[in-house]
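# Architecture at a glance
This is what each chain is made of:
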Amino acid sequence: FALTCSKYIGYLTAICVSIIGVRLLFYFHSFFFHWRSYRQLRSIPADEIIGLPSIPFIKIQITTKGLPDSTRVIRRGIQNVLALARESPDLFWDKLSIEVVTESAEQKALLENDFLASHVPLQVSLILVPSQYETGAGTKLKARSLHYMVELRRRGFNAKPGPTYIVHYDEESVMGAG
């Protein structure tokens, strides 16, 4: 009986693997022969976006460990986001914000001097992850900072009305204007 059962389990496994393989072939066919439908390169003007019935709020979250060299890169990233917002103030100033999540109090103070005191048109929030903060699973590095922000958001931190999208940037990410 055991030999017969294992024979049928073998057949069933072969059938399931074959089905999965055929499905993967469809994915590859779609990817290689119809990629243009997935990658739209048409530039969309701001007027077209403003004309949409509803525009979600976008939070750009830059998560960093707070290493000394990263401050310069984060400044550049924030400047690029500001340059984008200046291209269409009517669209971006009310629908875009920047949140920097860092583990360095020194970096937070430097960025506060740069952006909070200079009256930038976008909301720039600087969040310091407490050194004693621990996740339930004991995660470390950026996952710890991301978890901290999730917990803050669950408590209503920086909540916006309507749909909100969070774009996660690493400190080395670059957003090009234009």
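Residues numbered from 1 in each chain as written. Predicted model: local features only at pLDDT ≥ 70, side-chain atom pairs only at ≥ 80, totals over all residues. Heavy atoms only, no water.

Here the focus is the overall build of the protein chain. Secondary structure assignment for the protein chain yields 6 helices and 4 strands. At 23 Å, the protein chain has a C-alpha radius of gyration far larger than the 16 Å of a compact globule built from 178 residues. Overall, the C-alpha framework of the protein chain stretches about 80 × 45 × 35 Å when taken along its three principal axes. Across the 178 residues of the protein chain, 29% fall into the buried class. Across the protein chain, contacts joining residues at least 24 apart in sequence account for 77% of those joining residues at least 6 apart. Of the charged side chains in the protein chain, 20 are positive and 16 negative, and the gap between their average positions amounts to 8 Å. (Helix = DSSP H or I, 4+ residues; strand = E, 2+ residues; numbered from the N terminus. Rg over C-alpha atoms; globule rule 2.2 N^0.38 Å. Buried < 20%, exposed > 50% of the residue type's maximum accessible area, 1.4 Å probe, protein only. Contact = heavy atoms within 4.5 Å. Lys, Arg positive; Asp, Glu negative; His and termini not counted. Charge placed at Lys NZ, Arg CZ, Asp CG, Glu CD.)

Let us now look at the side chain of Ser-145. Here Ser-145 is to be found in helix H6 (residues 141–154). A distance of 3.0 Å separates the side chain of Ser-145 from the side chain of Glu-103, its partner in a polar contact. Those residues in contact with Ser-145, other than ones at most four positions away along the chain, are Thr-63, Val-101, Glu-103 and Val-129. (Polar contact = N/O pair within 3.5 Å; in protein donor to acceptor, adjacent residues only side chain to side chain.)

Under the 1.5 Å per step criterion, the end-to-end length of H6 is 21 Å for 14 residues, consistent within 8% with the ideal 20 Å. Listed as buried for H6 are Arg-144, Ser-145, Tyr-148, Met-149, Leu-152 and Arg-153. Residues of H6 that are buried in the fold lie against strand S1 (57–63), strand S2 (96–102), strand S3 (123–128) and strand S4 (164–170). Directly after H6, the chain includes Gly-156, whose backbone phi takes a positive value near 100°. (Expected span 1.5 Å × (residues − 1).)

Let us now look at the packing of aromatic side chains. The tally for this structure, following the rule as stated, stands at 4 aromatic pairs. Judged by centre distance (6.2 Å) and plane angle (15°), the ring pair of Phe-28 and Phe-32 falls under stacked. Of the two residues, Phe-28 and Phe-32 both sit in helix H1 (residues 2–33), 4 residues apart, roughly one turn of that helix. Ring centres 4.9 Å apart and planes at 75° place the aromatic pair Tyr-133 and Tyr-148 in the edge-to-face group. Here Tyr-133, found in the loop between S3 and H6, pairs with Tyr-148, found in helix H6; they are 15 residues apart in sequence, far enough to count as distant. Pair check on accessibility: Tyr-133 and Tyr-148 agree, each one buried. (Phe/Tyr/Trp six-rings, centres within 6.5 Å; stacked < 30°, edge-to-face > 60°.)

Another point: the pattern of salt bridges. Between side chains of opposite charge, a pair can form when the charged atoms approach closely. Enumeration according to the criterion identifies 6 salt bridges in this entry. One salt bridge connects Lys-65 with Glu-103, and the closest N-O pair in it is separated by 3.1 Å. Of the two residues, Lys-65 is situated in the loop between S1 and helix H3 (70–87) and Glu-103 in the loop between S2 and helix H5 (105–116); the sequence distance between them amounts to 38 residues. The exposure class assigned to Glu-103 is partly exposed, which follows from its relative accessible area of 24%. The salt bridge partner of Glu-112 is Lys-108, with a shortest N-O separation of 3.2 Å. One end of the pair is Glu-112 and the other is Lys-108, both in helix H5 and 4 residues apart, which spans about a single turn. With relative accessibility at 27%, the residue Glu-112 sits in the partly exposed group. Residue Lys-108 is classed as partly exposed on the basis of its relative accessible area, which comes to 22%. (Salt bridge = Lys/Arg side-chain N within 4 Å of Asp/Glu carboxyl O.)

With that out of the way, let us pick up the sheet that holds S1. Pairing within the open sheet is parallel, and its 4 strands lie in the order S3-S2-S1-S4. Each having just a single partner strand, S3 and S4 make up the two edges of the open sheet. Direction aside, the axes of adjacent strands within the sheet are offset by 20° on average. Relative to S3, S2 runs parallel, the two being bridged by 6 bridges. Counterpart to Val-101 in the pairing with S3 is Ile-127. (Pairing = 2+ DSSP bridges. Axes fitted to C-alpha atoms, helices over the stretch in contact; angles between N-to-C directions.)

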